[in-house]
Amino acid sequence: MPFQPATRFEPEFTLYKEHLPDSRLAPYIYYYWEFKTIKPLLNGLEYRVVPNGCIDIYFELQQPSKSIVTGFSDKSSSVTLQNEFHYFGICFMPSVFPLIYNINATELTNRYFDLDLVAPNTANFITNELDTELSPSRIIHSLNTHFLNLTNSKAFRIDYRLIDAIDLIFKTGGNLSLDADLKTGLSQRQLRRLFNFYIGNNPKTFCKVVRFQSFLQKNTILKVAASNFDYLDYGYYDQSHFIKEFKTLFGKTPRQAY
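Just so it is clear, the structure is predicted and the values come from calculations on it, not from any experiment. (Residues numbered from 1 in each chain as written. Predicted model: local features only at pLDDT ≥ 70, side-chain atom pairs only at ≥ 80, totals over all residues. Heavy atoms only, no water.)

So, the overall build of the protein chain
Basically, it comes down to this: The secondary structure listing takes helices from DSSP runs of H or I that are at least 4 residues long and strands from runs of E that are at least 2 residues long, numbered from the N terminus. The globule rule used for comparison is 2.2 Å times the number of residues to the exponent 0.38, while the radius of gyration itself is calculated over C-alpha atoms. Three exposure classes are used, based on accessible area relative to the maximum for each residue type with a 1.4 Å probe and protein chains only: buried under 20%, partly exposed in between, and exposed over 50%.
A count of helical and extended segments in the protein chain gives 9 helices and 8 strands. Relative to the globule expectation of 18 Å for 258 residues, the C-alpha radius of gyration of the protein chain, 19 Å, shows essentially globular dimensions. Judged by the C-alpha coordinates and their principal axes, the protein chain covers about 50 × 50 × 30 Å. Sorting the 258 residues of the protein chain into buried and exposed places 50% on the buried side.

So this is what it looks like as structure tokens:
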């Protein structure tokens, strides 16, 4: 399950929730997420985004016409949020956004785009149907209806050997040898081509992000020195390898983060 550590910051001022989609959308959407202020922040919030292997759509309910799509990322980034906000987002399963919208995921990698440039029908739906007057349950119902209509109207074609490869990476927490363990009947060249189109990067980088996410999910409240992290269990060669990769993906060293 994709995880963003920054959603746990400022608990007195902000609230973060994840809402499951309609069960019929489970193959396509991890969850809808909601992030809002429960009282105004004193100085705004520098929100640090860490890679999670997914493509997301998000929008501010007070400005639904400015919806955004974010692609796969292989490094941390940050955005400054205002004193008050109420965001909703859709976190897609890996490979799903390119499948639904017929777009090469590499065009979105490490980038943010106005959604109307990429998926105008969904952007128009968000603009015309969603706003602050609606309750979260009503927003979720509307999103379910929209994405059920989208997925039911398409005859998807995807190489299921790609899905098998993604599944194996998830099951191993990204800790595997691409040459020895990732045997799906595809050549390394074919696999890279499919990963680039549907994920937005190559299998090695995707494994790196999944491994990092696996670490975060099991070590979210650690308050120990970096030397005590069980980095070897996650496939990191040594402490320096772990710290270097952590800093790239989190934006801080483990000691600074925890």
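Looking at empty space enclosed by the protein
Take a probe with the size of a water molecule and roll it over the atoms, and the empty space left behind shows itself. The line we're drawing: Every definition here rests on a 1 Å grid over the protein atoms only: cavities are sets of points where a 1.4 Å probe fits but cannot get out, pockets are open sets enclosed by protein on both sides within 12 Å along at least five of seven lines, and lining residues have some atom within 4 Å of a point. Grid points are joined across faces, edges and corners, and a volume is the space filled by probe spheres set on the points. Polar here means any residue outside two lists: the nonpolar Ala, Val, Leu, Ile, Met, Phe, Trp, Tyr, Cys and Pro, and the charged Asp, Glu, Lys and Arg; Gly therefore counts as polar.
Applying the stated criterion across every chain, the model contains 1 cavity of 30 Å³ or more. The wall of the largest cavity is formed by Gly-53, Cys-54, Ile-55, Phe-92, Met-93, Pro-94, Ser-95, Val-96, Phe-97, Pro-98, Tyr-198 and Ile-199. With 3 residues, helix α1 (residues 96-101) is the single largest residue contributor to the lining of the largest cavity. Its residues assigned to classes, the lining of the largest cavity shows 10 nonpolar, 2 polar and no charged.

Observations regarding the packing of aromatic side chains
As a reminder, the rule being used: Two rings from Phe, Tyr or Trp (for Trp, the six-membered ring) form a pair when their centres are within 6.5 Å of each other. A pair whose planes differ by under 30 degrees is stacked, one over 60 is edge-to-face, and the rest are tilted. A positively charged side chain is recorded as over a ring if its NZ (Lys) or CZ (Arg) lies within 6 Å of the ring centre. The angle to the ring normal must also be within 35 degrees.
If you walk through the whole model with that rule in mind, you get 21 aromatic pairs. Between Phe-242 and Phe-246, the ring centres sit 5.7 Å apart and the planes meet at 55°, which makes this aromatic pair tilted. One end of the pair, Phe-242, and the other, Phe-246, are both in helix α8 (residues 239-250), 4 residues apart, so they sit about a helical turn from each other. Each of the two residues, Phe-242 as well as Phe-246, counts as buried. The ring of Phe-13 is capped by Lys-39, whose NZ or CZ atom sits 5.0 Å from the centre of that ring.

Some details on helix α6 (residues 188-198)
Short version of the rule: What the arc covers is the set of directions going from the helix axis to the C-beta atoms. Only heavy atoms matter for contacts: two residues are in contact if any of them lie within 4.5 Å across the pair.
Of the residues making up α6, those classed as buried are Leu-191, Leu-194, Phe-195 and Tyr-198. Viewed end-on, α6 has its buried residues packed into an arc of 100°, placing them on one side of the element. In this structure, α6 carries Arg-189 and Arg-193 as exposed residues pointing more than 90 degrees from its buried face. Among the structural elements, α1, α5 (160-171) and α7 (203-218) are those in contact with the buried residues of α6. Backbone geometry just downstream of α6 places Gly-200 in the positive-phi region, at approximately 110°.

The quantities given are spatial measurements derived from coordinates; they are silent on function.
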